[in-house]
Amino acid sequence: MNPLLILRCEIVCAVIMIFFFVYSIIYSQTRGKHFQNICLIGFLHLVFDGITVYTVNNTETVDPAVNFLLHFLMYGFAAWFSCEIFCYLVNNTWKGSSTRIREILYRIPLLIYILIVPFTKIDYTQGFGTKHSMGVGAIIGFGLAVLYISTGTIIAIAHHDQVEKGILTALLQMNFCMIITR
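Here's a quick rundown of the structure. (Residues numbered from 1 in each chain as written. Predicted model: local features only at pLDDT ≥ 70, side-chain atom pairs only at ≥ 80, totals over all residues. Heavy atoms only, no water.)

Quick word on the overall build of the chain
Put simply, the rule is: Where helices and strands are cited, they refer to DSSP runs of H or I of at least four residues and of E of at least two residues respectively, numbered from the N terminus. Burial here depends on accessible area, computed with a 1.4 Å probe over protein chains only, as a share of the maximum for the residue type. Under 20% is buried, over 50% is exposed, and the range in between is partly exposed. Residue contacts are counted whenever heavy atoms from the two residues lie within 4.5 Å of one another. For every accessible area listed, the method is Shrake-Rupley and the probe measures 1.4 Å; residues are considered covered only by the protein chains on display.
Scanning the chain from terminus to terminus reveals seven helices and two strands. Taken from the N to the C terminus, the helices and strands of the chain come in the order α-α-α-α-α-β-β-α-α. With 182 residues in all, the chain has 44% of them scored as buried. A separation of at least 24 residues holds for 70% of the contacts in the chain among residues at least 6 apart in sequence. For the chain, the accessible area works out to roughly 10100 Å², and carbon and sulfur atoms hold 75% of it.

Brief notes about the packing of aromatic side chains
The description of two aromatic rings rests on the distance between their centres and on the angle between their planes. Definition in use: Within 6.5 Å between ring centres, the rings of Phe, Tyr and Trp (the latter by its six-membered ring) count as paired, and their orientation is classed by plane angle as stacked under 30 degrees, edge-to-face over 60, tilted in between.
Taken as a whole and judged by the stated rule, the model has four aromatic pairs. Arranged with centres 5.9 Å apart and planes meeting at 25°, the rings of Phe77 and Trp80 form a pair that is stacked. Of this pair, Phe77 and Trp80 both sit in helix 4 (residues 64-91), three residues apart, which is roughly one turn of the helix. Exposure remark for Trp80: the relative accessible area of 35% places this residue in the partly exposed category.

A closer look at the pattern of salt bridges
In a structure, side chains of opposite charge can pair up when their charged atoms sit close to one another. Note the cut-off: Just to be clear on terms, a salt bridge is a Lys or Arg side-chain nitrogen sitting within 4 Å of an Asp or Glu carboxyl oxygen.
Under the defined criterion, the tally for this structure stands at one salt bridge. Glu84 is paired through a salt bridge with Arg107; the nearest N and O atoms lie 2.5 Å apart. Here the residue Glu84 occupies a position in helix 4, and Arg107 occupies one in helix 5 (residues 99-116), the gap between them amounting to 23 residues.

Remarks on the nonpolar core
The cut-off we apply is this: Side-chain atoms within 4.5 Å are what join buried Ala, Val, Leu, Ile, Met, Phe, Trp, Tyr and Cys residues into a set we call a nonpolar core.
In terms of nonpolar packing, the biggest core is built from 36 residues, with Tyr75, Phe81, Ile85, Phe86, Tyr113 and Tyr148 touching the most fellow members. Broken down by secondary-structure element, the contributors of at least two residues to this core are helix 2 (8-27), helix 3 (32-56), helix 4, helix 5, helix 6 (136-158) and helix 7 (165-181). Ranked by residue count, the leading element in this core is helix 4, at 13 residues. The contacts of Tyr113, once residues within four sequence positions are left out, are Tyr75, Ala79, Gly137, Ile140, Gly141 and Leu144.

Overview of a nonpolar patch on the surface
This is how the line gets drawn: Nonpolar side chains (Val, Leu, Ile, Met, Phe, Trp, Tyr) are joined into patches within 5 Å and like charges within 9 Å, using only residues with over 30% relative accessible area and no salt bridge.
Taken together, the side chains of Ile101, Leu105, Ile108, Ile112, Leu115, Ile116, Val136 and Ile140 define a hydrophobic patch exposed on the protein surface, amounting to about 710 Å² of accessible area. Among the secondary structure elements, Ile108 is positioned in helix 5. Classification of Ile108 as partly exposed rests on a relative accessible area of 38%.

Remarks on the side chain of Thr153
To keep things clear, this is the line we draw: Counting of polar contacts relies on pairs of N or O atoms within 3.5 Å, with two restrictions inside protein: one atom must be capable of donating a hydrogen and the other of accepting it, and residues adjacent in sequence are counted only when both atoms are side-chain atoms.
With respect to the helices and strands, the residue Thr153 is situated in helix 6. Classification of Thr153 by relative accessible area gives buried; the value is 15%. Polar contacts involving the side chain of Thr153 include one to the main-chain carbonyl oxygen of Ile149, which spans 2.7 Å.

Examining helix 4
We apply this condition: The span one expects for a helix is its residue count, reduced by one, times 1.5 Å.
Across its 28 residues, helix 4 extends 40 Å between first and last C-alpha, which sits within 8% of the 40 Å expected from 1.5 Å per residue. Measuring from the side-chain oxygen of the N-cap residue of helix 4 to the backbone nitrogen of Ala65 gives 3.2 Å; that N-cap residue is Asp63.

Quick look at helix 6
Helix length check: helix 6, at 23 residues, gives a terminal C-alpha distance of 32 Å against a target of 33 Å (1.5 Å per residue), a fit within 8%. Of the residues making up helix 6, those classed as buried are Gly137, Ala138, Gly141, Leu144, Ala145, Tyr148, Ile149, Gly152, Thr153, Ile155 and Ala156.

A short note on the packing of helix 4 against helix 6
This is how the line gets drawn: Only the contacting stretch of a helix is used when fitting its axis, a line to C-alpha atoms as for every element, and angles between N-to-C directions run 0 to 180 degrees. Relative orientations are named as follows: roughly parallel for angles under 35 degrees, roughly antiparallel for angles over 145 degrees, roughly perpendicular for angles from 65 to 115 degrees, and oblique for any other angle. With the far helix as reference, a near helix turned anticlockwise by less than a right angle produces a left-handed crossing, and one turned clockwise produces a right-handed crossing.
Remark: helix 4 packs on helix 6, axes separated minimally by 9 Å, with the N-to-C direction vectors making an angle of 15°. Taken together, the axes of helix 4 and helix 6 lie roughly parallel to each other. When you trace helix 4 past helix 6, the crossing you get is left-handed. Taken together, the residues of helix 6 that come into contact with helix 4 (itself represented by Tyr75, Ala79, Ser82, Cys83, Ile85, Phe86, Leu89 and Val90) are Ala138, Leu144, Ala145, Tyr148, Ile149, Thr151, Gly152, Thr153, Ile155 and Ala156.

Written as structure tokens, this is what we have:
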């Protein structure tokens, strides 16, 4: 099968992430750094996602430990990306209280996930024309990402009057793209 067809979702998401990164540079010089970090983490997830698409479909030539490490990085960056979007949205809506303590608390589920993933099993199943990874680590990571993204989106919509219009527009578009492509 054509690699571009297999990686179509990753390619579209990478283009969107590059667009948002450029947008953040143009939009804000001071507050855009956190958003740029979000874009970078998302882009790293996409890179490892693309690599694991190759490795999972070539398990006979790729060492299982390397394949597992690449999947661990892919799932870790996905959960980290979702957590950072959540923290960014919450920090831009609930101002006043200590954001440092909140950010640490919000990252606890992410840290627990990163600690347990190495002990989970990754299974490779045949999909429609290509293999993909499944297993407890993948399911928990996907669930954690959906929880972070959904909760962050709900908070942003509920407090839309407290979030800058440009930030809200960019993040809601990004969240919408993630929800429909996954």
